[in-house]
Amino acid sequence: MHPGAASGSRRWPGERFAAVVRCLRATGHRVVLTGGPGEDALVRSVAERSGLPASDVLAGGLPHAELSALVAEAALMLSGDTGLAHLAVAHGTRSVTLFGPVSPRLWGPPPSPDHLALWRPGPPGDPHGRIPDARLLRLGTGEVAAACLMQLRSVRTAVEVAQVQ
């Protein structure tokens, strides 16, 4: 899970990421938080609010090769409209991406059941704005958690089918 984004308009609030972390952990999923340079306070806040152990908090910006490997091995990538969402698509890692100021038709993942783009339609906003976009804020924690759990069930089903074959 990557709660950061280069611009505030594409950054879903940290307390909402924390709520999703708590939900995923309550259903038995391990969650690892990542953050880029300058996002340490955000990542630590999400970790503290969600009760994540320090061993699952990777703040400070991992080297690109390590970050890429982490995304490649993940069962799911949850992030805003940022570089890690594109990396998840490139690796074929299931993803849930939260969009706000810009439609996922412009920058989102290709149509696929493996990649969910959550968005509320409306006039385009400023992708480089300072505060979270109004459309992004209309995405609720329950909806995001449900999307993540649906994607994780799909991963589990695919693994079970592969084991039978």
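Quick caveat: nothing in here was measured; it's all calculated off a predicted structure.

What counts and how
- Residues numbered from 1 in each chain as written.
- Predicted model: local features only at pLDDT ≥ 70, side-chain atom pairs only at ≥ 80, totals over all residues.
- Heavy atoms only, no water.
- pLDDT = per-residue confidence, 0-100.
- Contact = heavy atoms within 4.5 Å.
- Helix = DSSP H or I, 4+ residues; strand = E, 2+ residues; numbered from the N terminus.
- Buried < 20%, exposed > 50% of the residue type's maximum accessible area, 1.4 Å probe, protein only.
- Polar contact = N/O pair within 3.5 Å; in protein donor to acceptor, adjacent residues only side chain to side chain.
- Pairing = 2+ DSSP bridges.
- Axes fitted to C-alpha atoms, helices over the stretch in contact; angles between N-to-C directions.
- Phe/Tyr/Trp six-rings, centres within 6.5 Å; stacked < 30°, edge-to-face > 60°.
- Arc of directions from axis to C-beta.
- Core = buried A, V, L, I, M, F, W, Y, C linked by side-chain atoms within 4.5 Å.
- Salt bridge = Lys/Arg side-chain N within 4 Å of Asp/Glu carboxyl O.

1. A closer look at the confidence of the model for the protein chain
Thought 1: When pLDDT is averaged along the protein chain, the result is 92, and 93% of the positions lie at 70 or above.
Thought 2: Ignoring residues within four places in sequence, the model shows residues 159–165, a span with pLDDT below 50, making zero contacts including any to other chains.

2. A few points about the side chain of T34
Thought 1: Along the chain, T34 turns up in strand 1 (residues 33–34).
Thought 2: For T34, a relative accessible area of 5% translates into the label buried.
Thought 3: A polar contact of 2.7 Å, which involves the side chain of T34, links it to the side chain of H2.
Thought 4: Non-local contacts of T34, meaning those with residues more than four positions away in its chain, are made with M1, H2, P3, V43, L58, L67, L70 and L84.

3. What to know about the sheet that holds strand 4 (residues 95–98)
Thought 1: Spatially, the three strands line up as an open sheet ordered 3-4-5, and their pairing is parallel. Each having just a single partner strand, strand 3 (77–80) and strand 5 (115–118) make up the two edges of the open sheet. On average, adjacent strands in this sheet sit at an angle of 15° to one another, irrespective of strand direction.

4. Overview of the packing of aromatic side chains
Thought 1: Summed over the entire model, instances satisfying the criterion amount to one aromatic pair.
Thought 2: Between W12 and F17 the ring centres are 5.2 Å apart and the planes differ by 80°, which places this aromatic pair in the edge-to-face class. Grouping residues by exposure puts W12 and F17 together as buried.

5. Let's talk about helix 3 (residues 64–73)
Thought 1: Among all positions in helix 3, only L67, S68 and V71 are buried. Along the long axis of helix 3, the arc covered by the buried residues comes to 100°, so they all point the same way. Facing away from the buried surface of helix 3 by more than 90 degrees, the exposed residues are A65 and E73.
Thought 2: Summarising the contacts, the buried residues of helix 3 are in contact with strand 1, strand 3 and helix 4 (83–91).

6. Things to note about the environment of G140
Thought 1: Following the sequence through the fold, G140 ends up in the loop between helix 6 (134–137) and helix 7 (141–164).
Thought 2: According to the relative accessible area criterion, G140 is partly exposed, its value standing at 28%.
Thought 3: Here the alpha-carbon distance between G140 and W12, two residues 128 residues apart in the chain, equals 9.9 Å.

7. Some points on the nonpolar core
Thought 1: Counting 28 residues, the largest nonpolar core has M1, V20, L78, V96, L98 and V144 as the members making the most contacts within it.
Thought 2: For this core, the secondary-structure elements that each account for two or more residues are helix 1 (14–26), helix 2 (40–50), strand 4, strand 5 and helix 7.
Thought 3: Among the elements that take part in this core, helix 7 stands out by supplying six residues, more than any other.
Thought 4: By size, the runner-up hydrophobic cluster in this structure holds five residues, among which are V71, M77, L84 and A88.

8. A look at the pattern of salt bridges
Thought 1: All chains considered together, the criterion is met by five salt bridges.
Thought 2: One salt bridge connects R120 with E143, and the closest N-O pair in it is separated by 2.6 Å. With a gap of 23 residues between them, R120 in the loop between strand 5 and helix 6 and E143 in helix 7 connect regions that are remote in the sequence.
Thought 3: Of the residues examined, R120 reaches a relative accessible area of 26% and is grouped as partly exposed.

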